[in-house]
Amino acid sequence: MRNRVIYLILLFFFSYVKALAQERAYFNQTEVGFLWGKGTKSWEGDYENRMNLTVSSFHGAKINAHHVVGFGIGYDQYENLSLIPISLGWRGFLGKEGRPQLFGGMDLGGGSTLLEKKETTDWYSNWYEGGLMLHPSLGIRLPAKNGKWALSGTLGYKRQQAYFFEGSFDRSGNQPLPGSSTLPRGYSAMTETSFLFHSLVFRMGVMF
């Protein structure tokens, strides 16, 4: 359900940005880097540090010389969990065009678990679902001599939620009365484990 809401928001905003881009200049920011944060708890009770891959591609339209709105999609690896972040975003630039600029960014959306397989047997089923994602960032833009593209480097913070569900099938054949159970139809038990990843994000790439 959460993934469907994300897709609907993205589809609506993509249509808006596409229409806006026909009147304004197209903007792209594609970067690769790492997510640094706390991982799983060790046997001693301490959290081990993790460093994971992150890839991001932001597509937008310039609404004026200093502001861009658009949407982002990418790939984030959190230990054994792969998420596709899908977000709406903004970029704001400080300084003159054609010269080095500082910029800020804000992305708000969610993580899709499209790359994660749902495991189903005769007795149970389990799967991951993504949750809310928040990603503020600061960076620097270094334009090339021809002015058509620029190098970029960003440092930011990412807050990402995710969920793991595991349910046992109801094999009794009895159908519950409407409204008598909060479990999905066909399940006799369901557990939900929530995850919250806090990450320092460093990425480098290009803008054009």
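Residues numbered from 1 in each chain as written. Predicted model: local features only at pLDDT ≥ 70, side-chain atom pairs only at ≥ 80, totals over all residues. Heavy atoms only, no water.

Moving on to the pattern of salt bridges. One pass over the structure, following the stated rule, counts four salt bridges. The shortest N-O distance in the salt bridge between Asp 107 and Arg 91 comes to 3.3 Å. Linking Asp 107 in strand β5 (residues 101-112) with Arg 91 in strand β4 (residues 81-94), this pair joins segments that are 16 residues apart in sequence. Across this residue pair, the class does not change: Asp 107 and Arg 91 are buried. (Salt bridge = Lys/Arg side-chain N within 4 Å of Asp/Glu carboxyl O. Helix = DSSP H or I, 4+ residues; strand = E, 2+ residues; numbered from the N terminus. Buried < 20%, exposed > 50% of the residue type's maximum accessible area, 1.4 Å probe, protein only.)

Our next topic: empty space enclosed by the protein. According to the stated counting rule, one finds two cavities of 30 Å³ or more in the structure shown. The calculated volume of the largest cavity comes to roughly 110 Å³. In terms of lining residues, the largest cavity is bounded by 15 residues, among which Ser 56, Ser 87, Asp 107, Met 133 and Arg 203 are the most central. For the lining of the largest cavity, the secondary structure elements donating two or more residues are β2 (47-64), β3 (67-78), β4 and β7 (124-143). The element contributing the most residues to the lining of the largest cavity is β2, with four residues. Taken together, the residues that form the lining of the largest cavity break down as five nonpolar, six polar and four charged. Put simply, the second largest cavity is a space of about 60 Å³. Lining of the second largest cavity is provided by Gln 29, Glu 31, Ser 56, Phe 58, Arg 91, Asp 107, His 135, Ser 137, Thr 154 and Arg 203. Counting only elements with at least two residues in the lining of the second largest cavity, the list comes to β1 (26-41), β2 and β7. Its residues assigned to classes, the lining of the second largest cavity comprises one nonpolar, five polar and four charged. (1 Å grid on protein atoms, 1.4 Å probe; cavity = no way out; pocket = protein on both sides within 12 Å on 5 of 7 lines; lining within 4 Å. Points joined across faces, edges and corners; volume = space filled by probe spheres on them. Nonpolar A, V, L, I, M, F, W, Y, C, P; charged D, E, K, R; others polar.)

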